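# Observations on the three-dimensional arrangement
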Amino acid sequence: MAYLDIDTDVLRSSVATAEQANSSISEALSQLNQVVIHNDWQCKERYQINENTLANRQTAQEIQNHASSFYQAVKQASEQFDEAEQNNIGRVNQVDGLLGQILTVAPGIMEDLSSPTMISFDQIKSSLEE
């Protein structure tokens, strides 16, 4: 069985960082989309400027798509680890409750606590049913 030691607080912090990065990239893309191409310019560089503007928009869109995908993946992983952590806490609490019941019942079954006594599960079960 594999064991992962994940600090969910660090993972939640990573989600916040990924969200901020995604937001910043989206804002940069928005700003880049506001740059207009200049077909009415008369200089010889206008074609190169327009090509670069369009290429930069496309690159920025690809980066934004990857950033958004990364953010969603980190967010989903964080949510799944949070849920698993809560499930494990619930299981530990259930086991603690059962152990507490057994420890409460066991002394009543044993007649002499000074000497080791084996208690069968049938004895514990019948004591719990009473």
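Residues numbered from 1 in each chain as written. Predicted model: local features only at pLDDT ≥ 70, side-chain atom pairs only at ≥ 80, totals over all residues. Heavy atoms only, no water.

Each helix and strand counted, the protein has three helices and zero strands in total. Listed N to C, the secondary structure of the protein is α-α-α in terms of helices and strands. When the accessible surface of the protein is summed, it comes to about 10,300 Å², and 55% of that surface belongs to carbon and sulfur atoms. (Helix = DSSP H or I, 4+ residues; strand = E, 2+ residues; numbered from the N terminus. Areas by Shrake-Rupley, 256 points an atom, 1.4 Å probe, with all protein chains shown as cover.)

Evaluated as defined, the whole model comprises two salt bridges. For D82, the salt bridge is made with R12, and the minimal N-O distance between the two is 2.4 Å. Here the residue D82 occupies a position in helix α2 (residues 46-109), and R12 occupies one in helix α1 (residues 8-33), the gap between them amounting to 70 residues. (Salt bridge = Lys/Arg side-chain N within 4 Å of Asp/Glu carboxyl O.)

With that settled, consider the environment of V10. Along the chain, V10 falls in helix α1. Note: C-alpha distance between V10 and S78 (68 residues apart in sequence) is 9.4 Å.

Now for α1. Between the first and last C-alpha of α1 there are 37 Å, a value that for 26 residues agrees with the 38 Å anticipated at 1.5 Å per step. Along α1, the residues that are buried comprise T8, L11, V15, A18, N22 and L29. Where α1 begins, one side-chain oxygen reaches toward the backbone nitrogen of D9, 3.0 Å away; that side chain belongs to D7. (Expected span 1.5 Å × (residues − 1). Buried < 20%, exposed > 50% of the residue type's maximum accessible area, 1.4 Å probe, protein only. Polar contact = N/O pair within 3.5 Å; in protein donor to acceptor, adjacent residues only side chain to side chain.)

Further remarks concern the side chain of S78. Within the secondary structure, S78 sits in helix α2. If we ignore the near neighbours within four places in the chain, the residues touching S78 are L11, R12 and V15. (Contact = heavy atoms within 4.5 Å.)

For N50, the location among the structural elements is in helix α2. A residue is classified by how much of its surface remains accessible, and N50, at 7% relative accessible area, is buried. When neighbours within four sequence positions are excluded, N50 is seen to be in contact with I37, H38 and N39.

A few words on the environment of S23. Within the secondary structure, S23 sits in helix α1. You can call S23 partly exposed: its relative accessible area is 47%. Between the C-alpha atom of S23 and that of Y71, which follows or precedes it by 48 residues, the distance is 9.9 Å.

Take the confidence of the model for the protein next. As a general rule, the predicted coordinates of low-pLDDT regions are not to be interpreted in detail. Averaged over every residue, the pLDDT of the protein is 81; residues scoring 70 or more account for 76%. Here helix α3 (residues 121-129) is the element of the protein with the lowest mean pLDDT, 67, and α1 is the one with the highest, 91. (pLDDT = per-residue confidence, 0-100.)

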